[in-house]
Structure formats: C-alpha cells, structure tokens
Amino acid sequence: MKNTIQPWIQAARLRTLPLSISGILVGSAYAYYQHSFDWIIFVLALCTTLSFQILSNLANDYGDGIKGTDANRIGEKRLVASGEITSAQMKKAIIINSVIAFVLAVALIYFAFGQENFVYSFTFLVLGIASIAAAIKYTVGNNAYGYSGFGDVFVFIFFGLVAVIGSNFLYSQSIDIKLFLPATAIGMLSTAVLNLNNMRDIENDRIANKNTLVVKFGLKWAKKYHEIILVIGMVSFMIFSLLIKSSLIPVLIINIPIIFHLVKVKKSEKHEDFDPELKKVALSTFALSILFWLFLCVL
C-alpha cells in the first residue's frame, strides 16, 4: 500500500501547497479586518485552492513527462518521466482531480453568494473553470502557455490578483482598491518562485524547446528580472501596511531573508544552486501571509 500511495504523494508535490494558499490567507485576513470573515468560506476556499494546485502539479508532471522535458531535470523527480506512474494513470488522476476541484468551487460559490447573486455566482463559476483550464494548459497540449513564456503572467494573475482579491470578494462582495497592493506582492513573490524554477531548469528546458522567459532572454537577464519583481513585491506590501496604518514588522522580518536570498542568487552560477533558494522564497511568501494575518488581526 505504501509503495502504491508514495508516488502519488510525490506527484502532488506537497511542498508547493503552502505557497498556493498564501493569497487566500492574505485576502481572508483582510476580510477579518473588514469584519466580513466567515469560517465556512475560508475552509472551502483553502480546499478549492489546494485542489487547483494539486491539479496543476499533476498536469505539469503529465505534460512535461510525455514531452520529455523532465528526463534530466534537477531537483525533485517527476513521476511520469521516471515511469513510476504511467501517462494513462496520470491522465485519469487529472480528470478526477478536475471534477473534485469543480465540485469544491461550486460549493464555495454557493456558500459565498447563495441563490440571490446570480451574476456573482456565474462570474466566479467561469473563473473556476478558467482556473482548471489554466492549471492543465500550463504544460499540456501543443499550445501549452508554459512553453511560450507566459507562465509568469498566469502565475501573477492567479496566485496574486485572483487569490487575494477574489478570495476577499467572496466574503465582502466588494473590491477594495488598496487590496491590489498585497495582491501584487503575493503575485510577484509567486512569480519569483517560478523564475527560480526556470533558472534552475534552463538547460533542460532549452533542449526540450520549453521557451520560458529565462530560456528566451538568458540567465543574466533572469537574475535582474528576479531582483525587480521581488523589490516590487516587498515595496507593495510596505505601502499597503502604511495605508491601513498597520505594522511594518511582517514586511521587515521577511525582507531580511529576501535580501540574503538576492545576494545568493546574484552570486550563483550552478543551476542546482537555485533549487534551495526556490524553497526559501516559497516559505517566505507563506510566512509573510501568516504574519500579515497576525498583525492585521491585532490591529
């Protein structure tokens, strides 16, 4: 039984899950601050997001595996590429997880808007379907956007704007313009994680014709790009904290490892050096969302 379950646990890539819920935590924390928080919506939003992330991971494993992209990858192994899970098995798992994600999204929409707000319900239903499609189309199919350099855009939109502003809307049914700042911050930090992944895999991606931004513009450009998006992210969070007169302590705490991280990335020459840095930024983003909640609730 253990040998049967273990490959699927690896395919789900549990280490990516904390990053995926960071935006939900930030949007929900602001709902608590607005006195519109609801535990049922919160739990369903977390479950839905985790389901989307696992779906994305399975689809990524499948898409890269059948295209041969993961044959000689650095870092955590992929299961279709290694042969531990067949492409047919993974395809079935993607279909099952898509159904689970859709059911969770429908339940979330129902509890958030009920039967009275048809426009909101329909809009979020379309958004949920788009999220499922985006999760799958990242690496699957002939026109997979992850192979054309658009992965960064989609990560910023779904991990940042949709996660933070969308989750907050589920509670408040309104959009606070100020919330675009932390949404930008989470989106930029999440994009930085993807950029580190692409810097690590640049040689393998180039061979497999996976034209990420790093492959298109090179490692030197990617390092400069990495600095810019991280600075934008942290400054956005600082401005938001000042606007709502919250403590700057969460941002300042996270700034310390981010600064050391940027120095490390600038000096790194070996592709495998980017893998531990990827984990640091992902955990820093999650830690920032937790600290943000704590200090916002105290406020």
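Residues numbered from 1 in each chain as written. Predicted model: local features only at pLDDT ≥ 70, side-chain atom pairs only at ≥ 80, totals over all residues. Heavy atoms only, no water.

Asks: Can you walk me through the overall build of the protein chain in this structure?
Replies: When its secondary structure is counted, the protein chain shows 14 helices and zero strands. Reading the helices (α) and strands (β) of the protein chain from amino to carboxyl end gives α-α-α-α-α-α-α-α-α-α-α-α-α-α. Computed over the C-alpha atoms, the radius of gyration of the protein chain is 19 Å, within 12% of the 19 Å expected from 2.2 N^0.38 for a compact globule of 299 residues. Reported as C-alpha extents along the three principal axes, the dimensions of the protein chain are approximately 50 × 45 × 35 Å. Relative to its 299 residues, the protein chain shows a buried fraction of 53%. Considering only residue pairs separated by 6 or more positions, the protein chain has 78% of its internal contacts joining residues 24 or more positions apart. Side chains of the protein chain carry 25 positive and 18 negative charges; the gap between the two charge centres is 2 Å. (Helix = DSSP H or I, 4+ residues; strand = E, 2+ residues; numbered from the N terminus. Rg over C-alpha atoms; globule rule 2.2 N^0.38 Å. Buried < 20%, exposed > 50% of the residue type's maximum accessible area, 1.4 Å probe, protein only. Contact = heavy atoms within 4.5 Å. Lys, Arg positive; Asp, Glu negative; His and termini not counted. Charge placed at Lys NZ, Arg CZ, Asp CG, Glu CD.)

Asks: Whenever I open this one, the packing of helix α9 (residues 180-200) against helix α14 (residues 274-298) confuses me. Can you help?
Replies: Relative placement of two packed helices is described by the angle separating their axes and the distance separating the axes. It is at 9 Å that the axes of α9 and α14 come closest, and there the two elements cross at 170 degrees. Comparing their axes, α14 and α9 come out roughly antiparallel. Each of Ile186, Leu189, Ala192, Val193, Leu196, Asn197, Met199 and Arg200 in α9 lies in contact with α14, whose residues at this interface are Phe274, Asp275, Glu277, Leu278, Val281, Ala282, Thr285 and Leu288. (Axes fitted to C-alpha atoms, helices over the stretch in contact; angles between N-to-C directions. Parallel < 35°, antiparallel > 145°, perpendicular 65-115°, else oblique.)

Asks: Even after reading the chapter, I still don't get the packing of aromatic side chains, so can you show me in this structure?
Replies: Both the distance between ring centres and the angle between the ring planes are used here to describe each pair of aromatic rings. What the rule picks out here adds up to 22 aromatic pairs. Among the aromatic side chains, those forming a connected cluster through ring pairs are Tyr32, Phe37, Trp39, Phe42, Tyr171 and Trp293. (Phe/Tyr/Trp six-rings, centres within 6.5 Å; stacked < 30°, edge-to-face > 60°.)

Asks: Explain unusual backbone geometry here, please?
Replies: With glycine set apart, most residues show a phi of negative sign, and most peptide bonds adopt trans. The phi dihedral of Arg13 falls on the positive side, at around 50 degrees, and the residue is not glycine. Examined against the element boundaries, Arg13 turns out to sit in the loop between α1 (2-12) and α2 (17-20). Overall, the relative accessible area of 10% leaves Arg13 in the buried class. The phi torsion at Gln173 lies on the positive side, around 55 degrees, for a residue other than glycine. Note on placement: Gln173 falls in the loop between α8 (151-172) and α9. Residue classification places Gln173 among the partly exposed residues on the basis of a relative accessible area of 29%.

Asks: For this particular structure, what's the right way to read the nonpolar core?
Replies: For soluble globular proteins, nonpolar side chains are generally found buried alongside one another. Core analysis: the largest hydrophobic core is formed by 62 residues, its most contacted members being Phe42, Phe113, Leu170, Leu196, Met199, Phe237 and Phe292. Once residues lying within four places of it in the same chain are set aside, the contact partners of Phe42 are Leu25, Ser28, Phe37, Tyr171 and Trp293. Ranked by size, the runner-up nonpolar core spans 16 residues in total, among them Ala11, Ala59, Ile94 and Val140. (Core = buried A, V, L, I, M, F, W, Y, C linked by side-chain atoms within 4.5 Å.)

Purely geometric numbers; function is a separate question.
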